[in-house]
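What follows is each chain in one-letter form.
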Amino acid sequence: MTFRELTVPGAWEITPKQHGDPRGVFLEFFQGGPLAEAIGHRFDLQQANCSVSAAGVLRGIHFADVPPGQAKYVTCAKGAVLDVVVDVRVGSPTFGRWDTVLLDDVDRRAIYLSEGLGHAFMSLEDDSTVLYLCSTGYSPGREHGIHPLDEQIAIEWPTTARDGSPMTPQLSEKDLAAPTLAEAIAQDLLPHYDQVASYLASMRP
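This is a predicted model, so every value here is computed, not measured.

Concerning the overall build of the chain
Thought 1: Looking only at helices and strands, one finds 4 helices and 13 strands in the chain.
Thought 2: Taken over the C-alpha trace, the chain has a radius of gyration of 17 Å; the compact-globule value for 205 residues is 17 Å, and the two agree within 12%.
Thought 3: Overall, the chain is about 55 × 45 × 30 Å in size when its C-alpha atoms are taken along their principal axes.
Thought 4: When the 205 residues of the chain are sorted by exposure, 45% land in the buried category.
Thought 5: Long-range contacts, defined as pairs at least 24 residues apart, comprise 81% of the intrachain contacts of the chain with a sequence gap of at least 6.
Thought 6: If you sum the accessible surface of the chain, you get close to 9900 Å²; carbon and sulfur atoms cover 52% of it.
Thought 7: Averaging the locations of the 15 positively and 27 negatively charged side chains of the chain gives two centres separated by 7 Å.

Okay, here's the thing in structure tokens:
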């Protein structure tokens, strides 16, 4: 298992070692020890989620209040998604920056996003199945969103599915109604970089 930190600090791409034979493939998609070495503290798993999405479905950009925030470890068990991390921490040197990892059933990579970061993905194939390991449980009062098509963030979402067919974004009513980045700043919805850094420091041994 190898780790690569993304251009958004606090996010990593994780590539597992796959063991294949005529029966199929086996891999460890999560290892607590190596992850703790990479992020500087133990990942406290509190909830595991699964979503199944048609091609073109766009989920996010989602984030949670810090503390406690919600760190996520995400992989795609079937199909393919373009997974996106967005720095929504006010005061961060990389505020507004985004980076991507292709999660699919070929390389079987995962992405880790620390507390305070925004998360979104677009499904590139029907029935793409995404698994999320979360450091906190669902708490609607602490969870927020930013419109994933916000022109200020300007994420370059795919327009072509995995099979080459054209694709248009499909958003939930909640994500369609989400504020832009500028509106979220004005409403003081976003995590603050110093508070996030202080909270993460408190979790380190």
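Digging into unusual backbone geometry
Excluding glycine, a negative phi dihedral is what most residues carry, and trans is how most peptide bonds are arranged.
Thought 1: Going from Gly60 to Ile61, the amide bond is cis rather than trans, its omega being 5 degrees.
Thought 2: Mapped onto the elements, Ile61 comes out in strand 6 (residues 58–64).
Thought 3: With an omega dihedral of -5 degrees, the bond running from Pro67 to Pro68 counts as a cis peptide bond.
Thought 4: In this fold, Pro68 is placed in the loop between strand 6 and strand 7 (72–78).

Structural notes on the sheet that holds strand 7
Thought 1: Read from one edge of the open sheet, 6 strands run 1-2-10-7-12-5, paired in antiparallel fashion. Edge positions in the open sheet fall to strand 1 (2–5) and strand 5 (47–53), since each of these has one partner strand only. Put simply, the sheet's adjacent strands are angled 20 degrees from each other on average, direction ignored.
Thought 2: Taken together, the 7 bridges between strand 5 and strand 12 (residues 128–134) define a ladder with antiparallel strand orientation. Following the sheet pairing, Ser53 is matched in strand 12 by Ser128.
Thought 3: The strands touched by helix 1 (residues 32–39) are strand 1, strand 2 (11–15), strand 7 and strand 10 (110–113); relative to strand 1, the strand with the most contacts, the crossing angle is about 25 degrees.

Reading the values: the criteria
- Residues numbered from 1 in each chain as written.
- Predicted model: local features only at pLDDT ≥ 70, side-chain atom pairs only at ≥ 80, totals over all residues.
- Heavy atoms only, no water.
- Helix = DSSP H or I, 4+ residues; strand = E, 2+ residues; numbered from the N terminus.
- Rg over C-alpha atoms; globule rule 2.2 N^0.38 Å.
- Buried < 20%, exposed > 50% of the residue type's maximum accessible area, 1.4 Å probe, protein only.
- Contact = heavy atoms within 4.5 Å.
- Areas by Shrake-Rupley, 256 points an atom, 1.4 Å probe, with all protein chains shown as cover.
- Lys, Arg positive; Asp, Glu negative; His and termini not counted.
- Charge placed at Lys NZ, Arg CZ, Asp CG, Glu CD.
- Pairing = 2+ DSSP bridges.
- Axes fitted to C-alpha atoms, helices over the stretch in contact; angles between N-to-C directions.

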